[in-house]
Amino acid sequence: MFNLGNFLTLSTFGESHGEAYGGILNNFPAGLEINFDEIQKQLDRRKPGQSSIVTQRKESDTVKFLSGIFEGKSTGTPIGFLVPNENQKSKDYDHISQYYRPSHADFTYDKKFGIRDFRGGGKSSARETLNWVIAGSLAKQLLPKEIKINAYVSSVGDIFCEKSYQELDFSKIDSNDVRCPDAETAEKMISKIKEIKKEGNTIGGTITCVLQNVPVGIGEPVFGKLQAELAKGMMNINAAKGFEYGSGFCGARMTGAEHNDQFSEDGTTKTNLSGGIQGGISNGMDIYFRVAFKPVATILRPQESIDKEGNKVTVEGKGRHDPCVLPRAVPIVENLAAFIIADLYLINKIRKF
């Protein structure tokens, strides 16, 4: 499947060191006034070169809309967009044209297609996610204003933000380079990433996302469950290794009496171990989930590997790479969640008169 979404759909094109990235967004409702500044703001949160703890590739990531918007409003026809690549350094990858880098998509892409674009990973590059941020930022604008979506870095390596999301001030997420709203924890995370970077190594962690004021009824029975759609979207993000919502894996250690969310008279629940979703459908409580990200596979130190012929070789990363994907993944998680909710929100509009 080459599209994101069920009714509201996105198809994309482009490679990391090609001419440009872009996409086509279908079934976006007509008549919506588009906030272009907000779209660019989200791209700026994702773009490389924004701090000392991310890749230093310099890209403006300026989006140009080609269709589907007229006089600042959506027309109901497909929205086409383009983002030029401005700072390619393809020569940084010449040394791995015949080699397979450990834990990259080099081997699988080559075996699947019989050819691969080795420049920055080609289509398998995380630069693809800028398309998702654009689509998600557009989708967020069609949702009711009261729906709030916030993601933040909740762990780096073995450094965890111990506070629950209810204790955090989401307005402080962008107040530091790592995008953790707890200042004390953020300082420790940044120091850890800088330490790992000096070693030519990388590190992983987790991102927590909270969706508030989502109306009851979002999500489809059986194969279109809300948590399943969120999990599918998040697990398509490069380096994502795990997804849990609500009580997650901790719930597996509990009894039913401990885990059941008891109702209040107004239909809310006294606890929210369900994570705002029951039967695959939103119940009006906060939806919260966590995504685990592995360490970036490119490390700036020698590693044993093989070439196309199966011969043993030594490979070493060169050029500009993220020592930790988490800070730039925060807007990806937020906007991808917005896209998924918007898709199911539109579908839900036809479920009853």
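Residues numbered from 1 in each chain as written. Predicted model: local features only at pLDDT ≥ 70, side-chain atom pairs only at ≥ 80, totals over all residues. Heavy atoms only, no water.

Draft legend 1. Broad picture of the overall build of the protein. When helices and strands are counted, the protein shows seven helices and 16 strands. Taken against the 2.2 N^0.38 rule, which gives 20 Å for 353 residues, the C-alpha radius of gyration of the protein at 21 Å falls within 12% of a compact globule. Going through the 353 residues of the protein one by one, you find that 51% of them count as buried. The long-range fraction of contacts in the protein, counting pairs at least 24 apart against all pairs at least 6 apart in sequence, stands at 70%. Accessible surface, the protein: about 17,200 Å² in total, of which carbon and sulfur atoms supply 53%. (Helix = DSSP H or I, 4+ residues; strand = E, 2+ residues; numbered from the N terminus. Rg over C-alpha atoms; globule rule 2.2 N^0.38 Å. Buried < 20%, exposed > 50% of the residue type's maximum accessible area, 1.4 Å probe, protein only. Contact = heavy atoms within 4.5 Å. Areas by Shrake-Rupley, 256 points an atom, 1.4 Å probe, with all protein chains shown as cover.)

Draft legend 2. Summary view of helix α3 (residues 129-140). An ideal rise of 1.5 Å per residue puts 16 Å on 12 residues; α3 measures up with 16 Å between its terminal C-alpha atoms. Counting buried residues along α3, 11 of its 12 residues qualify, which places the element largely inside the surrounding structure. Listing the buried residues of α3 in full gives Thr129, Leu130, Asn131, Trp132, Val133, Ile134, Ala135, Gly136, Ser137, Leu138 and Ala139. Looking at the buried residues of α3, the elements they touch are β1 (9-14), β2 (20-26), α1 (36-46), β3 (64-67), β6 (79-84) and α7 (326-348). (Expected span 1.5 Å × (residues − 1).)

Draft legend 3. Looking closely at the side chain of Asp286. Position of Asp286 relative to the elements: it lies in the loop between β13 (281-282) and β14 (287-293). Although Asp286 lies buried, it forms no salt bridge, and the closest oppositely charged side chain, Lys148, sits 12 Å away as judged by the N-O distance. One polar contact links Asp286 to Tyr165, side chain to side chain, over a distance of 2.8 Å. Excluding its chain neighbours within four sequence positions, the residues that come into contact with Asp286 are Tyr165, Leu211, Gln212, Asn272, Gly275 and Gly276. (Lys, Arg positive; Asp, Glu negative; His and termini not counted. Salt bridge = Lys/Arg side-chain N within 4 Å of Asp/Glu carboxyl O. Polar contact = N/O pair within 3.5 Å; in protein donor to acceptor, adjacent residues only side chain to side chain.)

Draft legend 4. The pattern of salt bridges, seen in detail. Summed over all chains, the structure comprises 14 salt bridges. Among the salt bridges present, the one from Asp61 reaches Arg46, with a minimum N-O distance of 3.3 Å. Taken together, the residues span a long stretch of sequence, with Asp61 in the loop between α1 and β3 and Arg46 in helix α1 at a distance of 15 residues. Using a relative accessible area of 0% as the deciding quantity, one classes Asp61 as buried. Each of Arg45, Asp174, Arg179 and Glu334 takes part in one network of salt bridges that share partners.

Draft legend 5. Representation of the pairing of strand β16 (residues 312-315). Side chains of β16 alternate between two faces, with Val313 and Val315 buried and Lys312 and Thr314 left unburied. Hairpin geometry of strand β15 (residues 303-307) and β16 is characterised by an intervening segment of four residues between the two adjacent antiparallel strands and by a positive phi of about 90° at Gly310. (Pairing = 2+ DSSP bridges.)

Draft legend 6. View of the sheet that holds β15. The strand order across the open sheet built from three strands is β7-β15-β16, with neighbouring strands paired in antiparallel fashion. Only two strands of the sheet have a single partner each, and these edge strands are β7 (99-100) and β16. The sheet contact formed by β7 and β15 spans two bridges and is antiparallel. When the bridges of β15 are listed, Tyr100 appears paired with Ile306.

Draft legend 7. Spotlight on the packing of α1 against α3. Their axes nearest at 9 Å, the elements α1 and α3 cross at an angle of 145°. Seen from above, α1 lies across α3 with right-handed handedness. Mapping the contact onto sequence places Glu38, Ile39, Gln42, Leu43 and Arg46 in α1 and Thr129, Leu130, Val133, Ile134, Ser137, Leu138 and Lys140 in α3. Its residues assigned to classes, the contact of α1 with α3 comprises six nonpolar, three polar and three charged. (Axes fitted to C-alpha atoms, helices over the stretch in contact; angles between N-to-C directions. Left-handed = near helix turned anticlockwise from the far one by under 90°. Nonpolar A, V, L, I, M, F, W, Y, C, P; charged D, E, K, R; others polar.)

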